[in-house]
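# Structural overview
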Amino acid sequence: MSDVHNTVEQYIAVWNETDAERRKALIAELFTPEATYTDPLGAVRGHDGIDGFIAGAQEQFAGLSFRLPAAPDAHHDLARFQWYLSAPGVTEPIAIGFDVVELDGGRIAKVHGFLDRVPG
């Protein structure tokens, strides 16, 4: 498994981590200090901003989890990948998105998120 694939797997793990202290530690490992996250629902900067955004999504979609349906596509310091948000034991995703991450020294510096399908 490539370093980029590992990074994307860790990124998905951050979104699924519900223990706040553990999630903050994972964010500090994975993201650069001034990392940005931007999607149609918001834009945040830094570890605290990213943690707050993820915590809010977890409250809104409690009990659901993110997964990768396929390996990321990467070149240079960029990776793109689709993700699914699903209920446990359900194969049909409730939401589908597509993210592009910019890496800096193996850590995520920017996330550009797109929502392909959201719950009605």
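Let me begin by describing the structure that accompanies this report. (Residues numbered from 1 in each chain as written. Predicted model: local features only at pLDDT ≥ 70, side-chain atom pairs only at ≥ 80, totals over all residues. Heavy atoms only, no water.)

## Looking at the packing of aromatic side chains
How we decide: Working definition: rings of Phe, Tyr and Trp (its six-membered ring) pair if their centres are within 6.5 Å, and the pair is stacked with planes under 30 degrees apart, edge-to-face with planes over 60 apart, and tilted otherwise. Put simply, DSSP H or I for four residues or longer makes a helix, DSSP E for two residues or longer makes a strand, and each gets a number counted from the N terminus. Each residue is assigned to one of three classes by its accessible area relative to the maximum for its type, calculated with a 1.4 Å probe on protein chains only: buried under 20%, partly exposed between the two thresholds, exposed over 50%.
A complete count under the given rule lists eight aromatic pairs for this structure. On the basis of an interplanar angle of 85 degrees and a centroid distance of 6.4 Å, the ring pair of W15 and F53 is categorised as edge-to-face. Residue W15 is found in helix α1 (residues 3–16), and its partner F53 is found in helix α3 (residues 46–60); the two are separated by 38 residues along the sequence. Arranged with centres 4.9 Å apart and planes meeting at 45 degrees, the rings of Y37 and F53 form a pair that is tilted. Of this pair, Y37 sits in strand β1 (residues 31–39) while F53 sits in helix α3; the two residues are 16 residues apart in sequence, bridging distant segments of the chain. As far as the burial class goes, Y37 and F53 line up, both buried. The structure contains a cluster of three or more aromatic residues connected by ring pairs, namely Y11, W15, F31, Y37, F53, F66, F81 and W83.

By themselves, these observations are geometric and do not establish any function.
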